[in-house]
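Structure assessment
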Amino acid sequence: MADSQANPDRGRPDDVSRLAPQVPSTEPSSEPTNGAAPGGNEDRKWAQLRSLLVGPETERIEQLENHPPKPEHLATVLADAVQRSTSANGELAEALRPSIEKGLLTSARKNPEELAEAIYPVLGPAIRRSIRAALAASLQSLNVALENSISPQGIRWRLEAWRTGKPFSEVVLLHSLEYRVEQVYWIHKQTGVLLNGASANVDGQRDPDLVSGMLAAIQDFVQDSFQGAGGGELEQIEISGFRVLLAQGAKSGLAALVRGIPPQQLSEDMSATLESLQRRLGNELDTFDGEVTPFEVAHRELEGLLGGQAKARGKRGMGPWLLGAALAGMLLWWGGSKVSSERLESSREQALAALQKEPGYWIQGDAEHSVWTGLRDPLARPLDQVLGDLEGQVKVDWSWQAFQSIDPAIVLKRAHAVLEPPASVTLKLVDQRLLVGGLASGAWSKRAAAMAPGIAGIQSIDWSALVDQDRQAIEMRSRSLDGLYLPFGNRSGALDQARPEVRARLDAIRALDAMVLAYGGVLRIELASVLGQDESYDRGLAEKRLQEVQSALAKLGLACTILDVQPAPKESAAVGSKPGVRLGVRALLPQAP
Amino acid sequence: MIRKKVCLLGSFAVGKTSLVRRFLHSEFSDRYQTTVGVKVDKKELEIDGQAITLVIWDLYGEDRWQEVRGSYLRGASGGFLVADATRLETLDVVRGLAQRLREQDPDIHLQVVVNKVDLRDGLAIPLAEWRARIDWAPLTFTSAKTGEGVEQAFDALARACLSPR
Ligand SMILES: Nc1nc2c(ncn2[C@@H]2O[C@H](COP(=O)(O)OP(=O)(O)OP(=O)(O)O)[C@@H](O)[C@H]2O)c(=O)[nH]1
Ligand SMILES: [Mg+2]
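What you are looking at is a predicted structure, and each value in this text was computed from that prediction instead of being measured.

A short note on the overall build of chain B
- The helix and strand inventory of chain B stands at five helices and six strands.
- Listing the helices and strands of chain B from first to last along the sequence gives β-α-β-β-α-β-α-β-α-β-α.
- Within chain B, the fraction of its 165 residues that count as buried is 52%.
- By element, 47% of the accessible surface of chain B is carried by carbon and sulfur atoms, the whole surface being about 7600 Å².

Focus: the sheet that holds strand β10 (residues 433-440) of chain A
All names here are of chain A.
- An order of β9-β10-β11 is seen for the three strands of this open sheet, with the pairing classed as mixed. Looking at the sheet topology across the chains shown, the edges are occupied by β9 (425-430) and β11 (460-468). Within the sheet, the average angular offset between the axes of one strand and its neighbour, ignoring direction, is 10°.
- Here β10 runs beside β11; their pairing, made up of seven bridges, is parallel. The residue bridging Arg 433 from the neighbouring strand is Ser 460, located in β11.

A few points about the interface of chain A and chain B
- Counting residues at the interface gives 24 residues for chain A and 18 residues for chain B.
- Taken over both partners, the interface formed by chain A and chain B buries close to 1800 Å², and the fraction arising from carbon and sulfur atoms is 50%.
- Joining chain A to chain B, the criterion identifies zero salt bridges.
- Counting across the chain A and chain B interface gives six residue pairs in polar contact (both at pLDDT 80 or more).
- Taken together, the elements giving at least two residues each to the side of chain A that touches chain B come down to β2 (194-199) and α11 (208-225) of chain A.
- The class makeup of the residues in the side of chain A that touches chain B is nine nonpolar, eight polar and seven charged.

Some thoughts on the site of ligand 1
- Lining the immediate surroundings of ligand 1 are 24 residues, of which Ser 18, Ser 29, Tyr 32, Thr 34 and Ala 144 of chain B lie closest.
- Within the complex, the protein chains bury 93% of what would otherwise be the 650 Å² of accessible surface of ligand 1.

Quick word on unusual backbone geometry
All names here are of chain A.
- Not every positive phi belongs to a glycine, and Glu 420 is a case in point at roughly 45°.
- The residue Glu 420 is located in the loop between α19 (408-419) and β9 in this model.
- Even without being a glycine, Arg 491 presents a positive backbone phi close to 60°.
- Looking at the element boundaries, Arg 491 is found in the loop between β12 (484-487) and α22 (500-519).

Remarks on the nonpolar core
- Ranked by internal contacts, the top residues of the largest apolar core, which has 58 residues, are Trp 186 and Leu 254 of chain A together with Leu 9, Trp 57, Leu 81 and Trp 130 of chain B.
- Among the elements that take part in this core, helix α3 (residues 89-104) of chain B stands out by supplying five residues, more than any other.
- Excluding residues that lie within four positions of it along the chain, Leu 254 of chain A makes contacts with Val 184, Tyr 185, Trp 186, Leu 245, Leu 246, Ala 247, Met 270, Thr 273, Leu 274, Leu 302 and Leu 305 of chain A.
- With 26 residues, the next largest nonpolar core counts Phe 488, Val 502, Leu 512 and Val 581 of chain A among its residues.

Describing helix α21 (residues 469-481) of chain A
Residues and elements named next belong to chain A.
- Helix length check: α21, at 13 residues, gives a terminal C-alpha distance of 18 Å against a target of 18 Å (1.5 Å per residue), a fit within 8%.
- The set of residues buried in α21 consists of Arg 471, Ile 474, Ser 478 and Leu 481. For α21, the arc enclosing every buried residue in end-on projection is 100°, short of the 170-degree limit, so these residues lie on one face. Residues of α21 that are exposed and point over 90 degrees away from its buried face: Met 476, Arg 479 and Ser 480.
- On its buried side, α21 packs onto β11, β12, α22 and β15 (580-588).
- Put simply, Asp 468 is the residue that caps the front of α21, since its side-chain oxygen is 3.1 Å from the backbone nitrogen of Asp 470.
- One or two residues past the end of α21 sits Gly 483, with phi positive at roughly 85°.

Conventions adopted
- Residues numbered from 1 in each chain as written.
- Chains lettered and ligands numbered in written order.
- Predicted model: local features only at pLDDT ≥ 70, side-chain atom pairs only at ≥ 80, totals over all residues.
- Heavy atoms only, no water.
- Helix = DSSP H or I, 4+ residues; strand = E, 2+ residues; numbered from the N terminus.
- Buried < 20%, exposed > 50% of the residue type's maximum accessible area, 1.4 Å probe, protein only.
- Areas by Shrake-Rupley, 256 points an atom, 1.4 Å probe, with all protein chains shown as cover.
- Pairing = 2+ DSSP bridges.
- Axes fitted to C-alpha atoms, helices over the stretch in contact; angles between N-to-C directions.
- Contact = heavy atoms within 4.5 Å.
- Buried area = accessible area lost by both parts, 1.4 Å probe.
- Salt bridge = Lys/Arg side-chain N within 4 Å of Asp/Glu carboxyl O.
- Polar contact = N/O pair within 3.5 Å; in protein donor to acceptor, adjacent residues only side chain to side chain.
- Nonpolar A, V, L, I, M, F, W, Y, C, P; charged D, E, K, R; others polar.
- Near = heavy atom within 4 Å.
- Core = buried A, V, L, I, M, F, W, Y, C linked by side-chain atoms within 4.5 Å.
- Expected span 1.5 Å × (residues − 1).
- Arc of directions from axis to C-beta.

The structure is reproduced here in structure tokens:
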């Protein structure tokens, strides 16, 4: 062991000393020493090694770098590569996007027809759908205006809407627009040649070949007359007495000769027919050279466009009963959910219509939705009364808020509820003016007069036709009691209250007083003493009697005013006036309302 | 059933409308009513047992101020070019139109007619000279007034339209 220490390797201490100072300064890494000491020498060595090992491949790599792969080779892998990339992530699509967009733009600019032709089958239906949706929305608002009109005709249309499952508004439009499609042409666009046509049996038939040609000529004329002005293709031509509706496709067009004003639906049907024909006979259209036989298969479809007119006119076809039976049969046959959903919609339409014209209701909802919100006056008829069986059929979630309707029918109901008039009273409403008539107690009249102005929907009240039965009774009685006479015995100063006539007269006064009091009035009683013929002028006696009556009245709770002592009128001596006290009776009543 | 569009073209007043009337209705009138725009007519013919409907577009005549619209010519199988035997300048118009038609569709069938040949004394150049100058297309001498050559000319064009291109 010592030997080995004593004979150390020559280079070793050097090596150690060379390494020693470095050890602390470098991190204790396993970095190879040759890497720490690079030199041109080493690089060259590596290059030599590389060329020895992969020499021939380097050449090929260089070749590949300078010459891109041959298209044939790329073609075999490209499809696969694209597929993999597409299924992996969207990077490829993103990378290709700008080029594709640019390509499309260029194509659209250079060759718009081809592009249009390519996308027409896709865009055509989509565009029509959106137009139809917009139209439906506008029909919906029309609905509201029409729903309120009820006439025998309106009810018939409503029935038809129910039967056919169409919105009511559409049925109305269908009937109110009178039109007739007389002829339909399918025209090859470029040549203007008639591919096929159909015509209703009408007088003065126009030659379809000529019409097609002329239409094409007009179309050509318009197209290059207004090309710059953004004028696209004609949609309609009006010629005295009729109009020509046009549906334009890429290779062909449909034209319909129509009398009257056609509904929008006709244009839509035409476009749809044209699309389907162009799809079906696209090849024949592409290679068209005047041979029109292949297009004869379109005849049935073209005739279908004529069909609409007969129904609109209601002239041709089955009688209404037969039609009804046929429809009923169809309904039975259909059976399934279609019918029930149509039923549902039509019963909702009916319910809406019923609620819209029912006083005290304001409803928001439509046939397609099952949540309806509405305002309901508490005095309106209950829902089940308004809707009857419909209530169970509409399957709607109701959400009601209370409100006060000023519909006359409801205002009148409200007046009745608030005023509670007796049977003898009638209430009427004319332009928010409440007319009160008949016979009522004063108490009711007074209460009514106080309450009526606060009733919503009533602007003013007319009481002139109301007779106040209490007032009337008081006035009658006080008139009959006025001048009432309480007799006294001759020379007697005492009122004999046991005498039946005295008793009855005092009772009558008391009763009248009660009535007047109840009415809020005051009964005024005036006393005058009348001396008998043979009593000469005995003032003392007269006063005695007055006091006697006054105290008798006071006992009954009546106040009175003593007027005077009246001597027996001399002239009445012949008649023989009886001694006693005369009562003047007057009811002082508050002013009528 | 075959339908073909043919266009009648030529300078104004050469007799295009008169030729159509003669061909369709065997009528003639001395009155001149210039055609405004297009008048479309048709004639059903039978050529070698094959039914064909010629849809004839009678166009307004070209003059110094108005050229026939290109769009009217689109899709035509045949061009019926009319010159007036009494007016040599109508030949230039026919030549120009033939060129335009061929540019638009190199396969179009052309038929040239020199009309009003009944006016023997008024011929601009002798008929032989007309024939010599029109050696680039089938030519027929016609008179809408007498009916001479009219049917033959239309028949020839219809036949050409039926032949494969
Ligand atoms: N003598 C004679 N006159 C003719 C003949 N053809 C046409 N005409 C007359 O020529 C005139 C013009 O005839 P149109 O047929 O109207 O001529 P067009 O070429 O249709 O004229 P535009 O419509 O204006 O271009 C009329 O007065 C015709 O009567 C013919 O063969 N012989
Ligand atoms: Mg003319």
